[in-house]
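Descriptive analysis of the structure
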Amino acid sequence: MLRIIDRYLLRELAFGGFASAVVLLVVTLGGTITDVLTKVARGRLPGNLVFEILGLRTLDALTILLPLALFIGVLLAYGRLWRDSEMAVLQGVGMPLTGLLRPLTWLAAPVIVTIGMISFWLAPAAQRLSHSLVEEANRSLVVAGLEAGRFVQLPGRGGVIYVGGMNDRGSRFERMFVETERPDGEDTRIDVITAERGELRRESDGEGRFLALQDGFRVEGRIGHDDFRLLRFKGNDIALADNESDDTPEALKRAAPTAELLTSSEPLQSAELHWRLAAPLSAVVLAVLAVPLSRTRPREARYASVLVALLCYLIYLGWLGFGRALIEQDKAPPFVGLWWVHLPAAGLALWLLWRSDRLAAPAPKGERRKSLLRGDRA
């Protein structure tokens, strides 16, 4: 059973952690939305997959976001208690600084378990699913947002496309109309293409894609001029912007299931395994480190300690990234991993916790009476 003070501290920690997570999520989501919409506007991502890609990328970002939210939440919650002199009340009952770890454990334990599940299972699965969705969009006009019988934006180009019919896979179509416009000096050049049938094809290297049109007409010229040309073709190809995929061969190796990473001897996958382990471990270290760093004086600036703590977090994260790069480049043995970063950070957190002044217990009545007779002052 939790004590009254533990429930009070747990409520403060939960509120601080939740508020920090919401703010960080909004910031992360804003940047992700901007990036995704930019790629959609350039035709590098299919428009109808915006929410799926957005959700999958946000899930992947939680491995960095949640440890930071827990860290800031503890700083804000316990920092407020120091500033409002509520810790002076705890000093009166003799509660040590380590007593703050009890309610913190109740909050941090489920958060750390959640981070571990996301890091080892959900985030890699989200990366693989995102890659498969984009790859499927590259092979199908249906997935890319094209619908038979409707005028829609031409994927990857500034124009309009219409098809009268498509097969179920979205790779073959018939009765196509394509209209594009592009600047030509001070004029605008218009290009109108019609075709009886066609299909979506990929380049031999698997990178580019294009519409292979058959039996059609092409009209092109400058708007406002009489230099239009009419062409009839047996075959004509229209290049499309290939859908964006951040999954290079190296990224696909990083997105492999954890069971595969455990049996792999490749430096890249060994580094990824230690990086996934770093997410829950960093949450533990940061949660403990936040307790001594949250201590502030009553009249001290509200966010002074937060700035110092964030600097510590950036240094910690930077060293983790440096250690990951060393393993990927095979400059550090995989069995060492990132422990050379975690262990000193954990030692520093425990040392600061031990070094911090404990909240002194009230002296017995006899001691207080002798102290008053000697004229001692607290």
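Residues numbered from 1 in each chain as written. Predicted model: local features only at pLDDT ≥ 70, side-chain atom pairs only at ≥ 80, totals over all residues. Heavy atoms only, no water.

This paragraph deals with the overall build of the chain. Along the chain, the regular secondary structure elements total 10 helices and six strands. Burial analysis of the chain (378 residues in total) assigns 41% to the buried set. Within the structure as shown, the chain displays about 20,900 Å² of accessible surface, and the carbon and sulfur contribution to it stands at 61%. (Helix = DSSP H or I, 4+ residues; strand = E, 2+ residues; numbered from the N terminus. Buried < 20%, exposed > 50% of the residue type's maximum accessible area, 1.4 Å probe, protein only. Areas by Shrake-Rupley, 256 points an atom, 1.4 Å probe, with all protein chains shown as cover.)

Attention now moves to helix H9 (residues 339–355). The α-helix winds at 3.6 residues per turn, so residues separated by three or four positions along the chain end up facing the same way. Its 17 residues place the ends of H9 24 Å apart at the C-alpha level, agreeing with the 24 Å of an ideal helix rising 1.5 Å per residue. Of the residues making up H9, those classed as buried are Val341, His342, Ala345, Ala349 and Leu353. Buried residues of H9, viewed axially, fall in a sector of 95°; they line one side. Opposite the packed face of H9, turned more than 90 degrees from it, sit the exposed residues Leu343, Leu350, Trp354 and Arg355. (Expected span 1.5 Å × (residues − 1). Arc of directions from axis to C-beta.)

Moving on, we get to the pairing of strand S3 (residues 172–184). Inspection of the sheet shows strand S2 (residues 159–166) paired to S3 by seven bridges, in the antiparallel sense. From the neighbouring strand, methionine 166 faces S3, where its bridge partner is phenylalanine 173. Bridge count between S3 and strand S4 (residues 187–202): 12 bridges; the pairing is antiparallel. Following the sheet pairing, phenylalanine 173 is matched in S4 by glycine 198. (Pairing = 2+ DSSP bridges.)

Counting residues in hydrophobic clusters, the biggest one holds 53 residues, and the most contacted among them are Phe71, Val74, Tyr78, Leu100 and Val291. Looking at this core, the elements that each hand over two or more residues are helix H1 (4–41), helix H2 (50–83), helix H3 (86–92), helix H4 (101–139), helix H7 (267–293), helix H8 (304–328) and H9. For this core, the element with the highest residue contribution is H2, accounting for 14 residues. Discounting residues that sit within four places of it in the chain, tyrosine 78 has contacts with Leu9, Leu13, Met87, Leu100, Pro103, Leu104, Val291 and Ser294. With 13 residues, the next largest nonpolar core counts Val163, Val178, Leu200 and Phe233 among its residues. (Core = buried A, V, L, I, M, F, W, Y, C linked by side-chain atoms within 4.5 Å. Contact = heavy atoms within 4.5 Å.)

Turning our attention to unusual backbone geometry. Despite not being glycine, aspartate 215 shows a phi value in the positive range, around 55°. Locating aspartate 215 in the fold gives a position in strand S5 (residues 209–222).

Moving on, we come to the packing of H7 against H9. For the pair H7 and H9, the least separation of the axes is 8 Å and the interaxial angle reads 15°. Accordingly, the angle class assigned to the pair H7 and H9 is roughly parallel. Once H7 is placed against H9, the crossing between them reads as left-handed. Residues His274, Leu277, Ala278, Leu281, Ser282, Val285, Val288, Leu289, Val291, Pro292 and Leu293 of H7 form the contact with H9, whose own contacting residues are Trp339, His342, Ala345, Ala346, Ala349, Leu350, Leu352 and Leu353. Per-class residue counts for the contact of H7 with H9 are 16 nonpolar, three polar and no charged. (Axes fitted to C-alpha atoms, helices over the stretch in contact; angles between N-to-C directions. Parallel < 35°, antiparallel > 145°, perpendicular 65-115°, else oblique. Left-handed = near helix turned anticlockwise from the far one by under 90°. Nonpolar A, V, L, I, M, F, W, Y, C, P; charged D, E, K, R; others polar.)

Attention now goes to the confidence of the model for the chain. When pLDDT is averaged along the chain, the result is 80, and 79% of the positions lie at 70 or above. Within the chain, no element has a lower average pLDDT than helix H10 (residues 365–373), which sits at 45, and none a higher one than H7, at 91. Low pLDDT (under 50) marks residues 359–363, which in the prediction has 17 contacts with non-local residues, meaning those over four places away or in another chain. Below pLDDT 50 for its whole length, residues 367–378 participates in two contacts with residues either more than four positions away or in separate chains. (pLDDT = per-residue confidence, 0-100.)

Turning next to the packing of aromatic side chains. One pass over the structure, following the stated rule, counts six aromatic pairs. Ring centres of phenylalanine 322 and tryptophan 340 lie 6.4 Å apart, and the angle between their planes is 85°; this geometry places the pair in the edge-to-face category. On the criterion of sequence distance, the pair formed by phenylalanine 322 in helix H8 and tryptophan 340 in helix H9 is long-range, its members being 18 residues apart. The class of phenylalanine 322 is partly exposed, set by a relative accessible area of 41%. Using a relative accessible area of 33% as the deciding quantity, one classes tryptophan 340 as partly exposed. Aromatic rings pair up to connect Phe151, Tyr162 and Phe177 into one cluster. (Phe/Tyr/Trp six-rings, centres within 6.5 Å; stacked < 30°, edge-to-face > 60°.)

Our next topic: the pattern of salt bridges. Applying the stated rule across the entire model yields 14 salt bridges. For the salt bridge of arginine 80 with glutamate 12, the shortest nitrogen-to-oxygen distance reads 3.3 Å. In this pair, arginine 80 sits in helix H2 while glutamate 12 sits in helix H1, placing the two residues 68 residues apart along the sequence. For arginine 80, a relative accessible area of 21% gives the class partly exposed. (Salt bridge = Lys/Arg side-chain N within 4 Å of Asp/Glu carboxyl O.)

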